[in-house]
Amino acid sequence: MATLSVPPVLTSPRDDAMALYRAFKGFGCDTAAVINILAHRNAMQRALIEQEYKNIYAEDLSKRLASELRGDVERAVLLWMPDPAVRDATIVRQALSGDVINLKAATEVICSRTSTQIQHFKQIYHARFNAYLEHDIEYQATGDLKKLLLACVSAHRYEGPEVDRAMADHDAKSLYKAGEKKLGTDEDTFIRIFSERSRPHLATVASAYHNMYGSSLKKAIKGETSGNFELALLTILQCSENPGKYFAKTLHKAMKGMGTDDSTLVRVIVTRAEIDMQYIKAEYHKKYGKSLEDAVHSETSSHYRTFLLSLLGATHR
């Protein structure tokens, strides 16, 4: 006789809050229980759990998590708790004002988000940290990277699908003149086009560039620029063409060679889990011939591994 498959018990945010409290009590924290709850709740559910926890126990759940968890799993869970805009604001603030300045992380977040996402997290940045994102960029970044990041956080880019072909061709010509055609590089032209144009427009510019000059815009950027400025331009370009592929590459880089760049691993998995993780996993498999889950499994261990793998199996959301 076939057994009936029982649907998972749907818990309420109140039940979850109480279960978390039980996991904290006693000798040591029951980390497995904490992960089992939080890794399987979406942003809305997590916000409700935080609310209930505060109502019942009069303490802040994130603060309690910070005191109960340790190391990589603590960092990953704390980053997972807030909604995307608060999370982005937090990542960028830490990157620009922490003990170790991480321009790479700030650049990745700013250059891979849409104009609307940037405006949203910029407001939260000011409200939460009583600081202006522009001031922090001004203070920590230099040269062309500073100019580009400031342009990105102040521009209101069009986000619709329409593309003006003639303008895209014109931009492709301008970029060729500003880069490969001349001795030295006119960085301001790159900054203007990359910070002001929509994603579909930039993708069209890249294909027009290839059609006109037989070489890729990506290659031109690599040949004409360097460091974090190069990273910023490539991030904007690749996220306009295929964000899944861009983040698959970023994850691969974080796990390649000796040791793992855990802060990048956590940042990308946590920030993309509820956005486009299925695409990232598909791109990863296509490009590297192994699953992202397998790669993460071999680079991590213990509760940290369980947590990240739960976020990668995001089909339950």
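As annotated in an unreviewed UniProt entry, the chain carries the name Annexin and comes from Perilla frutescens var. hirtella. As recorded by UniProt, the Sequence similarities (unreviewed entry) comment attached to the chain reads in full: "Belongs to the annexin family."

> Hey, could you run me through unusual backbone geometry in this one?
Non-glycine residue alanine 58 carries a positive phi angle of around 55°. Relative to the assigned elements, alanine 58 resides in the loop between α3 (43–57) and α4 (61–68). A relative accessible area of 66% places alanine 58 in the exposed class. Despite not being glycine, asparagine 130 has its phi angle at roughly 50°, a positive value. On the secondary structure map, asparagine 130 appears in the loop between α8 (115–129) and α9 (133–140).

> Please explain the environment of glutamine 51 as it appears in this structure.
Looking at where glutamine 51 falls in the secondary structure, it is placed in helix α3. Assessed through its relative accessible area of 48%, glutamine 51 is described here as partly exposed.

> Would you mind showing me how to read the packing of helix α19 (residues 292–299) against helix α20 (residues 302–312) here?
How two helices pack is summed up by the angle between their axes together with the distance between the axes. As a packed pair, α19 and α20 sit with axes 10 Å apart at the nearest point and diverge in direction by 170°. In this view, α19 runs roughly antiparallel relative to α20, as classed from their interaxial angle. Residues Leu292, Glu293, Val296 and His297 of α19 form the contact with α20, whose own contacting residues are Arg305, Leu308, Leu309 and Leu312. Residue composition of the contact of α19 with α20, grouped by class: five nonpolar, one polar and two charged.

> Sorry if this is basic, but what is going on with the packing of aromatic side chains here?
Two numbers describe a pair of aromatic rings. These are the distance of the centres and the angle of the planes. Applying the stated criterion to the full structure yields 11 aromatic pairs. Judged by centre distance (6.4 Å) and plane angle (55°), the rings of tyrosine 21 and tyrosine 53 are tilted. Residue tyrosine 21 is found in helix α1 (residues 13–24), and its partner tyrosine 53 is found in helix α3; the two are separated by 32 residues along the sequence. Classification of tyrosine 53 by relative accessible area gives buried; the value is 0%. A centroid spacing of 3.8 Å and a plane angle of 10° characterise the contact between tyrosine 176 and tyrosine 213, whose relative ring orientation is stacked. Highlighted residues: tyrosine 176 in helix α11 (residues 165–178) and tyrosine 213 in helix α13 (residues 199–213), separated in sequence by 37 residues.

Rules used in this analysis
- Going along each chain's sequence as written, the residues are numbered from 1 onward.
- In view of the model being predicted, local features appear only for residues whose pLDDT reaches at least 70, and side-chain atom pairs are presented and counted only at 80 or more, with totals across whole chains, interfaces and linings using the full set of residues.
- Excluded from the side-chain calculations are hydrogens and water; all other atoms, namely the structure's heavy atoms, are used.
- UniProt positions are given in the numbering used here, feature names are shortened, and annotations may be inferred rather than shown by experiment.
- Here a strand is any run of E in DSSP of at least two residues, a helix any run of H or I of at least four, and the numbering for each starts at the N terminus.
- Think of it in three bands: with a 1.4 Å probe and only protein chains considered, a residue is buried below 20% of the maximum accessible area for its type, exposed above 50%, and partly exposed in between.
- Only the stretch in contact is used when fitting a helix axis, every axis being a line fitted to C-alpha atoms; angles between N-to-C directions are given from 0 to 180 degrees.
- Orientation is classified from the angle alone, with under 35 degrees giving roughly parallel, over 145 giving roughly antiparallel, 65 to 115 giving roughly perpendicular, and any other angle giving oblique.
- Pairs of residues are marked as contacts when any of their non-hydrogen atoms sit within 4.5 Å.
- As a working rule, the residues Ala, Val, Leu, Ile, Met, Phe, Trp, Tyr, Cys and Pro are called nonpolar, Asp, Glu, Lys and Arg charged, and the rest polar, with Gly in that last group.
- Classification of ring pairs rests on two measures: the distance between centres of Phe, Tyr or Trp rings, Trp counted by its six-membered ring, which must be within 6.5 Å, and the angle between planes, read as stacked under 30 degrees, edge-to-face over 60 and tilted in between.

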